[in-house]
Every structure is written in C-alpha cells, then in structure tokens.
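What follows is the residue order along each chain.
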Amino acid sequence: MNIMNSTLTSIARLPFLRKSGQRLAIFLSLMLVAGSLSGCKTQAQTAINDCRPSSVCSPFGHMVEKNGRIGLYTNNGKEILPCKFKKIQSYMGQLLVEKDECLGLYTTSGKEILPCEFDNIDFYMGNFRVCKKGLLGIYTTAGEEILPCEFDNIDFYMGNYLLRKGQRIGLYTTAGQVILPCEYNAIDFYMGNFRVRKKEYHGLYTSTGKEIFPCEYNTIDFYMGNFLVRKDECFGLYTTKGEAILPCKYGKIEYYIGNFLVRKGECFGLYTTKGEAILPCKYDKIDYYMGNYKLWQGKHVGLYTTTGKAILPCEYDKIDYYMGNYKLWQGKHVGICTTTGKAILPCEYDKIDYRMGNYLVRKNQKQGLYRSDGKEILPCKYQKIDMKSGMWTGSM
C-alpha cells in the first residue's frame, strides 16, 4: 500500500502533467487498480465470504457454511438456498436438503418441491415416495400430492399402487384415484381382473374397480372360459362379466362332453354352456353312451339324445347296444329297438340272439326267428331252429 501511495505522489509531480484535469483522470484510474490489488471486495464476493469459514464448489454453485448451517449460492453470489440447512446434496437432478432431522427437496434454482418435513424421500416409479412419522405418501416430481402420508406400505403392482394401511390393503391408480379401497386382506391379479379377499370371503373386480362378484364367495376360479364360484357348500357358474349361467345352488358342476353336468342333493342334471336345461336335476346317474345319454332313476334306466329328447324312457332294467340296435331288459324279459327308440321286438322274450342277420328268440322254452326289422320268419313255437341247406327249419 505504501508503494502505491509513493507511486501516486510521484505521478502527481510529473512536470508534463501540469493541468489538474489530466492529473485527476490518471489518479482515479490508478485508484481502481490499487483497490483490486489491495483486496477490495465485490458484492458477490462479500455474500460468499460472509458465510465462511468454509466454501465448497458444487455443480450448482458454491456451497457455503455460516454458524454451522449450509446454504447454496451461484458463482456470482446470488442466493439459491439460504444458510439454514444441515446438509445439501444433489438427488435426481434436484437438491435434497436436511433441516432439523427432516428432509425436503428443492429445484436447482431454489424453488421448493417438497418442504422439509419428511423422514425419507426416494424416487419411485417416476414420482417421489416420502415417509413422514412412519407413514408413506406419493408426490409428483413437481411436488403435487398423489397419495397423502397415511399408508404403512406402498408398492407398485400391475401398473398401479398397492397400498397397506394397518392390516388392510387397497389399490390406487398412479394418479391417486381409488380402484379398490383399503379394506381387503389380499388382492391378486387374476385372469385380467383383481381377485380380492376380505376375511375368508373372495370377490372379483375389473381392473378399473367395477364389481363383478361381491366379497361373499369361499372360492372363485376360472373354469372353461367362465368363473366357477363356491359359496359354503354350493357351486355356481358365471360369465366373466358376472352374469349367471348356473346359479350358486349346486353341489357339483363339471364340464362333461360339451355341456355341464350338475348335482343338486343326490340328483344329477345336464345343462348347456349357456345354462339351458337339457336334463333336469332328477336323475341318480348320467353317462354318455354311444352318442347319447344313459340315465338312471332308481333301478331303471333310459336313453336320451344330447339335446334331452327321450329315446327310451327310464323304465328298463338294462339297455345295451347290440348289433346296430339296442337290446332292452324289463324284469326277466328282453326286447330289441332301433337307435331312435322304435320297437323291433317287444320286451317279452326270455332270450334273443343274433343269427346270420336275423334274431333267434326264445319264449317259454320255444324258439322263433325274426328278421332284423322285426318281421316274422318262423313263429315262436319250435323246440329248435337250425339252418339246413341254406334254409331255416324248425323242429317241433
């Protein structure tokens, strides 16, 4: 500084600078240079240095400390964040700050995104998941609330948020709209819908939360393109939209040869896949037999088509397919009918055998012979009937 003063004095006494105006101009210029050399501070430098003892350069400016607190300033000294934080760090392109054991989030220009009131902040599925007093919430990257801090757990599930509040869970969209309220014990994605459980009962809802089945069933299973439900000891069948095919009143529902075989009490019935009755629930047993249904009622058996039309009523003891027709028994007597139920031989014979395209019959110890269409060849009065020389003959 003494050197600078001597220099200025010498310049002022130079003989060729006689005019006071010239001397003043040069004097002022040298004063500015002197100020820079001697440590005079700009406004920006003053702002930064006031916050020292420490100053750290960060990608967003100078991180400064004052009275044990940290702030952030631009390189030219403009305040971004005041010196009131315990920590400041970069997080997901923003500024994560800590104050009084709480976290907040600010933009790099110092605009508040999330206030300093959270225990934890983490970037989660495109938003910020926050924790406050042990409870979780969700905010957008702009700081708009999606879900308030009132949930014990938040997970991303099938494009939505699966939430837990106490012992109950719910489902919300990423925009915070309720799909399923927090009142269920379990939620699982099932066949394009959400199957829920409340205590021991199940229900089914669409992916948008529309009810298909209320929470009143013990089980809900996908079955043959529909939903098979059980309520206590009864089963029902419903479409994927919840429309009844078979109401929940059957002890059993089973897909059987293109239709549904059902049991109600001790009786069986048969319904189409649309729920239309083929055979009412009044049979002890139903079996598929030679392209038709063989039915039992008590000790008697009958035969019906696959559309439920009677071929033979349930009044026979036995029905067997025999040489292209049906052999029928009633008590000890046997007869023959066509596959459409038309009688060929009535049920009055003790025995019927097929012989060379005809029927050899026996009744009361006598034999007779009939063609395959039931027309008589030899009446039933012979002790024995044989083929001799290409002719049927009967002996008395």
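In this text the structure is predicted, and so the values were computed from the model without any measurement.

Conventions adopted
- Residues numbered from 1 in each chain as written.
- Predicted model: local features only at pLDDT ≥ 70, side-chain atom pairs only at ≥ 80, totals over all residues.
- Heavy atoms only, no water.
- Helix = DSSP H or I, 4+ residues; strand = E, 2+ residues; numbered from the N terminus.
- Buried < 20%, exposed > 50% of the residue type's maximum accessible area, 1.4 Å probe, protein only.
- Contact = heavy atoms within 4.5 Å.
- Areas by Shrake-Rupley, 256 points an atom, 1.4 Å probe, with all protein chains shown as cover.
- Pairing = 2+ DSSP bridges.

### Thoughts on the overall build of the protein chain
And step 1. Looking only at helices and strands, the protein chain features three helices and 42 strands.
And step 2. Classification of the 396 residues of the protein chain by burial places 37% in the buried group.
And step 3. Sequence-distant contacts, at least 24 apart, represent 17% of the contacts inside the protein chain between residues at least 6 apart.
And step 4. In the form shown here, the protein chain has an accessible surface area of approximately 22,300 Å², with 51% of it arising from carbon and sulfur atoms.

### A word on the pairing of strand β7 (residues 102-106)
And step 1. The element β7 is extensively covered by neighbouring structure, given that four of its five residues are classed as buried.
And step 2. Relative to β7, strand β6 (residues 94-99) runs antiparallel, the two being bridged by five bridges. Counterpart to Leu96 in the pairing with β7 is Leu105.
And step 3. Hairpin geometry of β6 and β7 is characterised by an intervening segment of two residues between the two adjacent antiparallel strands and by a positive phi of about 55° at Asp100.
And step 4. The sheet contact formed by β7 and strand β8 (residues 112-118) spans three bridges and is antiparallel. For Tyr106, the partnering residue across the bridge sits in β8 and is Glu112.
And step 5. With antiparallel pairing between neighbouring strands as the criterion, β7 and β8 make up a hairpin whose turn holds five residues, including Gly110 at a positive phi of roughly 95°.

### A word on the pairing of strand β31 (residues 300-304)
And step 1. Burial within β31 is extensive, with four of its five residues counted as buried.
And step 2. The sheet contact formed by strand β30 (residues 292-297) and β31 spans five bridges and is antiparallel. The residue of β31 that forms the bridge with Lys294 is Leu303.
And step 3. Summarising the sheet, β31 and strand β32 (residues 310-316) pair through three bridges and their orientation is antiparallel. Bridge pairing in β32 links Val301 to Tyr316.
And step 4. The turn linking β31 back onto β32 is made up of five residues, and Gly308 within it adopts a positive phi angle of 95°.

Function-wise, these values are silent; they only describe arrangement.
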